[in-house]
Protein chains: 4
Amino acid sequence: MENKKRGILERLNAGEVVVGDGGYVLQLERRGYVKAGHWTPEAAVEHPEAVRQLHREFLRAGANVLQTFTFYCSEDKLEISGNVTNITGAQINEAACDLAREVANEGDGLVAGGVSQTPCYLNSQNETEVKAIFKKQMDDFLKKDIDFFMAEFFSYVEEAVWAVEVLKTSGKPVGATLCISPEGDMSGVPPGECAVRLVKAGADIVGVNCHLDPLTCIRTVKLMKEGLEKAGLKAHLMIQPLGFHTPECNHSGYLSLPEFPFALEARAMTRWDVHKYAREAYNAGIRYIGGCCGFETYHIRAISEELAAERGFLPPASEKHGLWGAGLQMHTKPWVRARARREYWENLLPASGRPTCPSMAKPDGE
Amino acid sequence: MENKKRGILERLNAGEVVVGDGGYVLQLERRGYVKAGHWTPEAAVEHPEAVRQLHREFLRAGANVLQTFTFYCSEDKLEISGNVTNITGAQINEAACDLAREVANEGDGLVAGGVSQTPCYLNSQNETEVKAIFKKQMDDFLKKDIDFFMAEFFSYVEEAVWAVEVLKTSGKPVGATLCISPEGDMSGVPPGECAVRLVKAGADIVGVNCHLDPLTCIRTVKLMKEGLEKAGLKAHLMIQPLGFHTPECNHSGYLSLPEFPFALEARAMTRWDVHKYAREAYNAGIRYIGGCCGFETYHIRAISEELAAERGFLPPASEKHGLWGAGLQMHTKPWVRARARREYWENLLPASGRPTCPSMAKPDGE
Amino acid sequence: MENKKRGILERLNAGEVVVGDGGYVLQLERRGYVKAGHWTPEAAVEHPEAVRQLHREFLRAGANVLQTFTFYCSEDKLEISGNVTNITGAQINEAACDLAREVANEGDGLVAGGVSQTPCYLNSQNETEVKAIFKKQMDDFLKKDIDFFMAEFFSYVEEAVWAVEVLKTSGKPVGATLCISPEGDMSGVPPGECAVRLVKAGADIVGVNCHLDPLTCIRTVKLMKEGLEKAGLKAHLMIQPLGFHTPECNHSGYLSLPEFPFALEARAMTRWDVHKYAREAYNAGIRYIGGCCGFETYHIRAISEELAAERGFLPPASEKHGLWGAGLQMHTKPWVRARARREYWENLLPASGRPTCPSMAKPDGE
Amino acid sequence: MENKKRGILERLNAGEVVVGDGGYVLQLERRGYVKAGHWTPEAAVEHPEAVRQLHREFLRAGANVLQTFTFYCSEDKLEISGNVTNITGAQINEAACDLAREVANEGDGLVAGGVSQTPCYLNSQNETEVKAIFKKQMDDFLKKDIDFFMAEFFSYVEEAVWAVEVLKTSGKPVGATLCISPEGDMSGVPPGECAVRLVKAGADIVGVNCHLDPLTCIRTVKLMKEGLEKAGLKAHLMIQPLGFHTPECNHSGYLSLPEFPFALEARAMTRWDVHKYAREAYNAGIRYIGGCCGFETYHIRAISEELAAERGFLPPASEKHGLWGAGLQMHTKPWVRARARREYWENLLPASGRPTCPSMAKPDGE
């Protein structure tokens, strides 16, 4: 039955909005299933019910794509992490594919098999070794039923290009996102040039994910778009930013903030911040719009609600969400009833309740 | 097998710390299963997997008690809400008992059947009618296997007393919490007097829940304790505050904040805030320590970790949590590795990344 | 000619508003004539032009009273300070009287001879010794032409009572202000009781000055008023608060703030804050309304402008001040012209431009 | 006697630090002598004692230059302002020269005759008319004893060039400062090019003044320096920035901030902020270092103190200022004594005491 679903490129070629899912590792850390630090995805084997539930929430919130919970699931990373001893990377990858597939089939969801940056690249920059790692992970996925590949969270475009080159051999569509700032990748390659290299390597969809907040990520994707246009290349654009306000971040992204990773709460976006983000991303020509770390279920729902007219429908979870706060109309307190309107939430400047805290931090590191 | 578990009073009488669970309605609203406004718990029937998963997370995080997901589940409230048409309150109550029981039995958990304030009281103040509503809900619970009762979220001590009087007829232990400020209940009855009335009505455990932040709630429970001592009465103390910073809240609590309920993100407590709260609550003589709205899974884990020495064990979820950030020791960035220590997180003043927002709001309403 | 001026009690008895002057020591420190730490007033002798000019500004801004620049000008304090070697306290007191008199006579100003707390009291609590110090200072003043006495900046009501008892022997009216919080003086005597003691000792005018912000000081004066009413006593009320926002101050006042005394800038009140203060003070029944540390010339003008209708006139300095920003009507930038109205300034929440700074500090000390 | 003073170029050519004075119009507005809006300098005639006193404070604080209080004192501006009816521009210019000269001669001060942007330029861009206005003002100055000319507060380099061309005909040294951002003047001419044009027109000293905060102004002057170096030109560099934190300002400068001009208090720099500024300006190769709007007497003293080693002396006003808070060593409260050290003040992040206010504003206008 899933064969009948329209593929990712069919949708994007038709100009449709594709809503991505949110962040898994930070959310599952909070739920008790992922260990901060190495952030490896062994929960796909150890606690499938937790991963399944989060997939299901994103689907209900309107996500068209579920990424397999396989972040940092290369053998070299798992080994360094020390987080698993009797589970192999292959087991995790395969279990994660099954979970994503199972839930995707509860609705109109596609499954993206995800690969990410490797310690091997950082240590060796050896193309053969790095590509072998990607090949191994790809082969795990190909034993299962996935719709396309997603190479994400790359700090160096060179490694991402290698990933794309490997994944393209599968014959499936390939997306690629870098976790870079508008200044470019960690080697200083500007976003426009990064995009060009990825598309030339075969990527069908390019963009950015993680590390920086929505408005900064939109700027980076715009630079990618300009780079592609100048080079006469075409590709679909995607974006999966942080769900946090990080205006003061430097090139390193939110790793450099003093609050990373255990005190980011005050920076979390509201659903109304996400409305603005979704609209701006859409206006920038981006059609694959999701989130990364900090994007919770209701943030994905907010993307779906903001772009409901463009998509033609609301997600299932909107049955439980009065648009723009409409559910407050019946509240017993009159001043809360007065908040059941778009203008209220769009213009609110939310307080932190933390009067001894600053509003901006001095980033650490580079 | 569950019969062999030690009961709530056995544990409290022995001086043990009992960790409560966190907030259900706000969290399940974010996950897409509860509608803000009336906040009714039909998800227990409609989406049992979502409720089960949240119970499971709290249990893994160290909760000793799972409250049935039956907030606002009186027939009068359900009818007013318009949220359900073909499900009865009895169905929800019974499904919720089964879910809590099922998960509690996966560990050393007790099940508390929860009742809360009714619209009927606000409209009529008619003791017979209000008691009939509580009786009906109690009877639903008694068809199922629950360990004790919890009457919670009462703004008027009079209504809470009526609830306790009904619930005591079951022969099971009864806890009772009010959602009041240190100024007292909505009729102006001071906390000490509230506690006295509840205990005289038969409550075994008294305290506060919701509406105000942890430090404010501790002040209120201390006033309750003083009232009981002056009256020569004894009872166990409990607390389940908001997981938000609300220093400027007036008597009405966080309903009066402009950010309620859709822009509270920046006020969310960090896990380190919860460590301080758990310690202060313990030092105040409170032994049943949990959370209400805004308390997520990792906040409950933080209570368990702060009081691990007193309890003698860490919760299962701590397998996935390096204490005080220890998991960061292996991070690739040196400045992030430098954060793997207690002093760092205890002293950090987290920024909001929102420089155009105030730190405190002017409360609405009374 | 100055004999024809109506005296302070004549004015207050007639129900008139008396506008006090602002703070001398902090302002003259910034202008380069007072040394922070001991804050002694030798500038009256060393740089009379600087003191004269500040007097003149306050008079132009609408002040009805000029206090002699004799703060901390008791012999014991001068000696401890080490700030002067070849000038006596008597010389300073006399020079200060002449300066205030000279400028007061340029308009409808009265001169108040000021005495303040002594190191002697803190060290010895010896009534005879302390009274001898006040007597000496009073005698200096009586050689000159002053209209009434002001005993100000007392932390202990006992010392203030002694000062009043001495000053009353002059036959001139006596005002007395304490630098206390709503919790009372440093011995724990509540404000109401402090006021009663001062009036019983002979004070014609009582109130508070310095140490805390305007709204807090109004609360304290209200408590004084209640105390007097309960005791069946009558006295005029006065207030001369800080010109800084200090909402988090404890009993010790702004000395306990980390910013005292060299980084208080961000706390400075705007003229619009002063409008609110003047109105609230007036509404609380206070008729002698001025300022202390942090109150600059334009703050005094703001009092005069807010109470212009009650007083029946605007001060000379208002020739150079468009009310509520009216002077901006001709600005070249349209968005600045749009600020020439009361609503704009009354509702503005001014930013600090300091995003890495908190909004509230944790006070030091007791 | 003043003839024996070393001239401005002699000093700068010798590599000496020249400390400028602070801002007159904002400070005299607060003191009650200047009307906000048109900000014209009629006080030089109407209230010479106020202007004289402010000159004297700056001199005592270490200023080597006193600028005549002739801001906006062109006939066209005075007429538009409506602020004076029976005083001519010539009268103000001449009185202002006398005042500056009188005070400068009390110490080692030089007098700079200041001209600034004209309404005529904005309306007509007519070189002949605009130059005639500058010529008239220059002739007023030349009747008096001034040491050099300062053309300041120009938004368009073209008008500044015209001013320089006129002033150079006097045979006296000429300085020229623009009130521009790092983006360049209002026509889009970049800072480097602006500097080149000014030097080619004959300016001996070039730089920026007003409109933006110290660190931003330093960036602009650095760009000027680079421009001059590229063009193979030489000139002395000067800087007189705002005394306010304005990090969010756009091209228009602080006029665009909602707080301009009546609620800027919270943005005021501390003396410690000025220490950092003075050091950075010095390190950037700037040798004429002063301030503009918001720079009060104690800010100028802070420049003098930071650069005391380079200059070889402290200013007279430092007799009344314990360096780095040393004066607090004798304070009665132990926690205040603990603040008598450089580290304390350098690292303090001052709170605003305004918890309902944001830290950054959204600028108005362009």
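Chain A is annotated in an unreviewed UniProt entry as Betaine--homocysteine S-methyltransferase 1-like from Sphaeramia orbicularis. The Pathway (unreviewed entry) field of the UniProt record for chain A holds the comment "Amino-acid biosynthesis; L-methionine biosynthesis via de novo pathway; L-methionine from L-homocysteine (BhmT route): step 1/1."

**Q** Explain the sheet that holds strand β8 (residues 288–289) of chain B here, please?
**A** Sheet strands associate in pairs through backbone hydrogen bonding, adopting either a parallel or an antiparallel arrangement. All names here are of chain B. If you walk across this open sheet you meet the eight strands as β1-β8-β7-β6-β5-β4-β3-β2, and the pairing is parallel. The open sheet is flanked by β1 (18–19) and β2 (65–67), the only strands paired with a single partner. Relative to strand β5 (residues 174–178), strand β4 (residues 148–154) runs parallel, the two sharing four bridges. Across the sheet, F154 pairs through a bridge with L178, a residue of β5. Contacts between helix α6 (residues 89–104) and the sheet are confined to β2 and β3 (110–116), with β3 contributing the most and set at about 155 degrees to the helix.

**Q** What is the right way to look at the pattern of salt bridges in this model?
**A** Overall, the coordinates contain 116 salt bridges over all chains when judged by the stated rule. Its salt-bridge partner being E265 of chain B, residue R30 of chain B comes within 3.9 Å of it at the nearest N-O pair. Pair noted here: R30 of chain B is in helix α2 (residues 25–31) and E265 of chain B is in the loop between β7 (236–240) and α12 (271–283), with a separation of 235 residues, a long-range link. The class for R30 of chain B is buried, based on a relative accessible area of 12%. Among the ionic pairs, E75 of chain C bridges to K136 of chain C, the shortest N-O distance being 3.6 Å.

**Q** Looking at this model, I keep getting lost on the pairing of strand β5 (residues 174–178) of chain D. Mind explaining?
**A** Looking down a regular strand, the side chains alternate between one sheet face and the other. All names here are of chain D. With five of its five residues buried, β5 lies for the most part within the structure. Crossover handedness for the path strand β4 (residues 148–154) to helix α9 (residues 157–168) to β5: right-handed. The pairing of β5 with strand β6 (residues 205–209) spans four bridges and is classified as parallel. Bridge pairing in β6 links T177 to G207. In this fold, β5 hands off to helix α10 (residues 191–201), which returns the chain to β6; that crossover is right-handed.

**Q** It is not clear to me how the environment of E49 of chain A should be interpreted in this structure. Could you clarify?
**A** One can find E49 of chain A in helix α4 (residues 48–60). Classification of E49 of chain A by relative accessible area gives partly exposed; the value is 22%. The spacing of E49 of chain A and R339 of chain A is 290 residues in sequence and 37 Å in space, taken between C-alpha atoms. Those residues in contact with E49 of chain A that sit more than four places away from it in its chain are Y33 of chain A together with Q53 and R56 of chain B.

**Q** What is the right way to read the relation of the copies chain A and chain B from this model?
**A** Between the two copies of the chain lies a rotation about an axis combined with a shift along it. If you rotate chain A by 180 degrees and push it 0.0 Å along the axis, it lands on chain B with an RMSD of 0.0 Å. Between the two chains, the operation in question is that of a two-fold axis. Relative to the rotation axis, the closest C-alpha in chain A is found at A266 of chain A, a distance of 1.8 Å. In this assembly the copies share their binding face: 100% of the residues contributing to the interface of chain A also contribute to that of chain B.

**Q** Would you explain unusual backbone geometry in this entry?
**A** What you tend to see is this: most non-glycine residues have negative phi, and most peptide bonds are trans. All names here are of chain A. Residues F260 and P261 are joined by a peptide bond in cis, for which omega reads -5 degrees. Relative to the elements of secondary structure, P261 occurs in the loop between β7 (236–240) and α12 (271–283). Positive phi outside glycine occurs at Q125, with the angle close to 50 degrees. Mapped onto the secondary structure, Q125 falls in the loop between α7 (119–124) and α8 (127–142).

**Q** Please clarify how the sheet that holds strand β8 (residues 288–289) of chain C should be interpreted in this entry.
**A** Residue and element names in this part refer to chain C. In space, the eight strands of this open sheet follow the order β1-β8-β7-β6-β5-β4-β3-β2, with parallel pairing throughout. Of all the strands in the sheet, just β1 (18–19) and β2 (65–67) have a single pairing partner and so form its edges. Alignment of strand β6 (residues 205–209) against strand β7 (residues 236–240), held across five bridges, turns out to be parallel. In the sheet register, N209 faces β7, and the bridge partner there is Q240.

**Q** Help me out: how do you make sense of the packing of aromatic side chains in this one?
**A** Each aromatic ring pair is characterised by the separation of its centres together with the angle its planes make. Residue and element names in this part refer to chain C. For the structure on display, the rule yields 72 aromatic pairs over all chains. When the centroid spacing of 5.9 Å and the interplanar angle of 40 degrees are considered together, the rings of Y24 and F69 count as tilted. One end of the pair, Y24, is in the loop between β1 and α2 (25–31); the other, F69, is in the loop between β2 and α5 (75–81), with 45 residues separating them in the sequence. Residue Y24 is classed as buried on the basis of its relative accessible area, which comes to 8%.

**Q** Teacher, can you tell me more about the interface of chain A and chain B here?
**A** The figure often quoted for interface size is the accessible area lost as the parts come together. Counting from both sides, the interface comprises 78 residues of chain A and, opposite them, 78 residues of chain B. Of all residues in chain A, the largest losses of buried area upon contact with chain B belong to F262, K320 and W335 of chain A, amounting jointly to 11% of the total for that side. The tally of links between chain A and chain B comes to 12 salt bridges. Between E42 of chain B and K320 of chain A there is a salt bridge; the shortest N-O distance is 2.5 Å. For the pair chain A and chain B, the interface holds 42 residue pairs in polar contact (both at pLDDT 80 or more). The leading source of residues in the side of chain A that touches chain B is α4 of chain A, at six residues.

**Q** Could you clarify how one ought to interpret helix α4 (residues 48–60) of chain D in this entry?
**A** Each turn of an α-helix holds 3.6 residues, which means side chains three or four residues apart point in the same direction. Helix length check: α4 of chain D, at 13 residues, gives a terminal C-alpha distance of 18 Å against a target of 18 Å (1.5 Å per residue), a fit within 8%. Extensive coverage of α4 of chain D is indicated by the burial of 10 of its 13 residues.

**Q** Is there a simple way to explain the UniProt feature "binding site: Zn(2+)" (unreviewed entry) in chain A in this structure?
**A** All names here are of chain A. In the numbering used here, UniProt assigns the "binding site: Zn(2+)" (unreviewed entry) feature to C210, C292 and C293. Spanning 84 residues, the named residues form one tight spatial group whose C-alpha atoms are at most 6.3 Å apart. Position of C292 among the secondary structure elements: in the loop between β8 (288–289) and α13 (297–306). With relative accessibility at 13%, the residue C292 sits in the buried group. Here C293 is to be found in the loop between β8 and α13. Apart from residues no more than four positions distant in its own chain, C293 is found in contact with G23, V25, L26, C210, P241, L242, G243, F244 and Y254.

**Q** Would you take a moment to explain the packing of helix α12 (residues 271–283) of chain C against helix α13 (residues 297–306) of chain C for this structure?
**A** When two helices pack together, their arrangement is given by the angle between the helix axes and the distance between those axes. All names here are of chain C. Two numbers describe how α12 lies on α13: the axes approach to 8 Å, and their chain directions differ by 45 degrees. Relative to α13, the element α12 lies oblique. Considering the relative orientation of α12 and α13, their crossing is right-handed. Mapping the contact onto sequence places R271, V274, H275, Y277, A278 and R279 in α12 and Y298, H299, R301, A302, I303, E305 and E306 in α13. Looking at the contact of α12 with α13 residue by residue, the class counts come to six nonpolar, two polar and five charged.

**Q** Can you help me understand the confidence of the model for chain A in this one?
**A** For residues with low pLDDT, the predicted coordinates do not support detailed interpretation. Taken over all residues, the pLDDT of chain A has a mean of 96, while the share at 70 or more is 99%. Interface predicted TM-score (ipTM) for the complex: 0.96; the corresponding pTM is 0.94.

**Q** Looking at this model, I keep getting lost on the state of the cysteines. Mind explaining?
**A** Two cysteines whose sulfur atoms are joined by a covalent bond form what is called a disulfide. The tally for this structure, following the rule as stated, stands at zero disulfides over all chains. Of all cysteine sulfurs, the one in C217 of chain B lies closest to C249 of chain B, which takes part in no disulfide; the gap is 9.9 Å.

Conventions adopted
Residues numbered from 1 in each chain as written. Chains lettered and ligands numbered in written order. Predicted model: local features only at pLDDT ≥ 70, side-chain atom pairs only at ≥ 80, totals over all residues. Heavy atoms only, no water. UniProt positions renumbered as here; feature names shortened; annotations may be inferred. Pairing = 2+ DSSP bridges. Helix = DSSP H or I, 4+ residues; strand = E, 2+ residues; numbered from the N terminus. Contact = heavy atoms within 4.5 Å. Axes fitted to C-alpha atoms, helices over the stretch in contact; angles between N-to-C directions. Salt bridge = Lys/Arg side-chain N within 4 Å of Asp/Glu carboxyl O. Buried < 20%, exposed > 50% of the residue type's maximum accessible area, 1.4 Å probe, protein only. Right-handed = clockwise from strand over helix to strand, strands pointing away. Least-squares fit on C-alpha atoms with pLDDT ≥ 70 in both. Phe/Tyr/Trp six-rings, centres within 6.5 Å; stacked < 30°, edge-to-face > 60°. Buried area = accessible area lost by both parts, 1.4 Å probe. Polar contact = N/O pair within 3.5 Å; in protein donor to acceptor, adjacent residues only side chain to side chain. Expected span 1.5 Å × (residues − 1). Parallel < 35°, antiparallel > 145°, perpendicular 65-115°, else oblique. Left-handed = near helix turned anticlockwise from the far one by under 90°. Nonpolar A, V, L, I, M, F, W, Y, C, P; charged D, E, K, R; others polar. pLDDT = per-residue confidence, 0-100. Disulfide = S-S within 2.5 Å.

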